[in-house]
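Coordinate analysis (summary)
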Amino acid sequence: MSDTSPSGIPVKISYGPTDADLDYQTDLGDPGKYPFTRGVQPTMYRGRLWTMRQYAGFGTAAETNARFRHLLAAGQTGLSVAFDLPTQMGIDSDSPRAEGEVGRVGVAIDTVDDMHALLDELPLDRVSTSMTINATAATLLAMYIVVAEERGIERAKLSGTIQNDILKEYIARGTYIYPPAPSLALIAEIFRFCAREVPSWNPISISGYHIREAGATAVQELAFTFADTIEYVRTALDAGLNIDEFAPRLSFFFAAHNDLFEEVAKFRAARRIYARFMRERFGASDASARLRFHTQTGGVTLQAQQPLNNVVRVTVQALAAVLGGTQSLHTNGYDEALALPTAEAATLALRTQQIVAHESGAAQTVDPLAGSYYVESLTGQLEERALALMAKVEELGGAAKAIDAGFFQEEIGRSAYEHQLRVEAGETVIVGVNRFADGAEPPVIPTPDFSRLARDQVERLRAVKAKRDAGAVTRALGALGAAAPAYAGAGKRPALMPLIVDAVRARASVGEIADALRSAWGTYAPGR
């Protein structure tokens, strides 16, 4: 049994009042009150349960639409879209660079016609949609808006989130296209556009999740997420936005891993850290200092060996997210270490949330672990360590410069390596892997015929290109290409989002729009 938390915080045998020396008003506060340690709403789940999402993306838009309908019928309350790698990288399905990747890790979206198929008959004015998309986030948001318009739904009625967190792509995930400067400028433009045109849309989901999945500790997850946040806020302010114009719609995305109490404390510390720096550093109102976040259970904690054990892992992680006060939750399917989740596994993952919500009692009162000497001590220590790490990032000149210096990457790589050493030494126990293993081979889950899927997707793309107005596409892409260079330098920038919406409406593809921006901005190469 380890005497430290996964973040290396010493854990005592027992805790008492001296371990949680807090001023209630300044360090905790009532639920719904600054610094929001105890939650962002005064009644939390007594007033409204968290949004229950299941992340889904299966090859074609039609297949994914079918999964969405299945999950909505099973009680899911929000949509969450996974896109394939070419879509994420701004590459059309008919490009040689897309070969072997079309539809493999999510849904392939080439044009707004694919988005129509993805969202067919779904009530866009009544359900919120989260889209895990970053480098091409502006284009996918534009497609969502055009689908709604062509179905007679006003922009103002749309609600949802685009991830749009490009800094963590440079740090941990890799689906970037353009250099940081124009990428950040585009994000500020999306903030402006959403605040004025799509007011119920979250223009960014600043993601600690992928940082954690890359091997970070809970402390690093907090510190690096908020270092990125400060960079985004600075960029938006430099672009002339008012803090309270965009900050109320900033949203966050965190992981939930297996150490129940450290994870609960992490979420509580996150709210306090965010509230304080938004108010004290940027002069934000309380509405702009409330941390709203989505949680996903830990993908890297899932094991191929004895996969049914993952049901228990996901349950513990879901409970941590709920006890920690999440606003939205995705629970992983138990078979995700083997393949894309089956319908059975996805439904069971949703049922896990529903059991926690309706049977566990965890949703009956706000912040039920508040006052626990152990949890309050962990909350304070996580905050202290995260703030110290954030200060190191500031010493390097902020998140963008720290990324260029390789600071985030080196810190995360070291943590991942040290964790693996502990697992291989048996110091960190993984049930069914390095202890209580039975030697059985992991089950094999059939996979789709991706070659046929890719051929069909390419045919759909070519059909759209054959029937669209080529002149309208050329004009729209030309206007976008003419406006884009201003985002690569200083000075006044034209509004880019309306031009992207125009290009999408003309049936320009994801790849064509990305190419227009690539021509103006170039591509990012680490270390160059």
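Presented here is a report on the structure given in the accompanying data block. If you're wondering where the values come from, they're calculated on a predicted model, not measured in any experiment.

Looking at the pairing of strand 8 (residues 293–297)
- Burial analysis of strand 8 places five of its five residues in the buried class, the great majority of the element.
- Every second residue of strand 8 is oriented toward a common face, with Phe293, Thr295 and Thr297 on one face and His294 and Gln296 on the other, all of them buried.
- Crossover handedness for the path strand 7 (residues 250–256) to helix 11 (residues 260–282) to strand 8: right-handed.
- The β-α-β motif built from strand 8, the intervening helix 12 (residues 309–323) and the parallel element strand 9 (residues 328–330) has right-handed crossover chirality.

With respect to the pairing of strand 1 (residues 51–56)
- Of all six residues making up strand 1, five are buried, and the element is well covered by its neighbours.
- As defined by bridge partners, strand 1 adjoins strand 9 across three bridges and the pair is classed as parallel. Bridge pairing in strand 9 links Arg53 to His330.
- Looking at chain direction, strand 1 and strand 2 (residues 78–82) are connected through four bridges and run parallel. Considered in strand 2, the bridge of Ala56 is made with Val81.

Thoughts on the packing of helix 14 (residues 373–395) against helix 16 (residues 407–424)
- In contact at an axis separation of 11 Å, helix 14 and helix 16 are set at 145° when each is read in the N-to-C sense. Here helix 14 contributes Leu389, Lys392 and Val393 to the contact with helix 16, which in turn contributes Phe407, Phe408 and Glu411.
- Residues that form the contact of helix 14 with helix 16 fall into these classes: four nonpolar, no polar and two charged.

Points about the packing of aromatic side chains
- Within this structure, the stated rule accounts for 25 aromatic pairs.
- Aromatic side chains Tyr178 and Trp521 sit 5.0 Å apart centroid to centroid with 90° between the ring planes, which places their arrangement in the edge-to-face category. On the criterion of sequence distance, the pair formed by Tyr178 in the loop between helix 6 (166–173) and helix 7 (180–197) and Trp521 in helix 20 (residues 510–521) is long-range, its members being 343 residues apart.
- Assessed through its relative accessible area of 7%, Trp521 is described here as buried.
- Aromatic ring contacts, followed pair by pair, group Phe226, Phe252, Phe254, Phe267, Tyr274, Phe277 and Phe293 into a single cluster.
- Positioned above the aromatic ring of Tyr15 is the side chain of Lys12, whose terminal nitrogen or guanidinium carbon lies 5.5 Å from the ring centre.
- Sitting above the plane of the Tyr34 ring, Arg279 keeps its charged end 3.5 Å from the centroid.

Notes on unusual backbone geometry
- Across the junction of Tyr34 and Pro35, the peptide omega takes the value 5°, indicating a cis bond.
- Tracing the sequence through the fold places Pro35 in the loop between helix 1 (24–28) and strand 1.
- Despite not being glycine, Met44 has its phi angle at roughly 45°, a positive value.
- With respect to the helices and strands, the residue Met44 is situated in the loop between helix 1 and strand 1.
- Positive phi, close to 45°, is recorded for Gln306, a residue that is not glycine.
- Relative to the assigned elements, Gln306 resides in the loop between strand 8 and helix 12.

Some details on helix 7
- Helix length check: helix 7, at 18 residues, gives a terminal C-alpha distance of 25 Å against a target of 26 Å (1.5 Å per residue), a fit within 8%.
- The buried fraction of helix 7 amounts to 14 of the 18 residues, a majority that puts the element mostly inside the structure.

Looking at the environment of Thr18
- Summarising the element assignment, Thr18 is placed in the segment before helix 1.
- For the pair formed by Thr18 and His330, sequence separation is 312 residues and the distance between their alpha carbons is 36 Å.

Here is what the cut-offs are and how they apply
- Residues numbered from 1 in each chain as written.
- Predicted model: local features only at pLDDT ≥ 70, side-chain atom pairs only at ≥ 80, totals over all residues.
- Heavy atoms only, no water.
- Buried < 20%, exposed > 50% of the residue type's maximum accessible area, 1.4 Å probe, protein only.
- Helix = DSSP H or I, 4+ residues; strand = E, 2+ residues; numbered from the N terminus.
- Right-handed = clockwise from strand over helix to strand, strands pointing away.
- Pairing = 2+ DSSP bridges.
- Axes fitted to C-alpha atoms, helices over the stretch in contact; angles between N-to-C directions.
- Contact = heavy atoms within 4.5 Å.
- Nonpolar A, V, L, I, M, F, W, Y, C, P; charged D, E, K, R; others polar.
- Phe/Tyr/Trp six-rings, centres within 6.5 Å; stacked < 30°, edge-to-face > 60°.
- Lys NZ or Arg CZ within 6 Å of the ring centre and 35° of its normal.
- Expected span 1.5 Å × (residues − 1).

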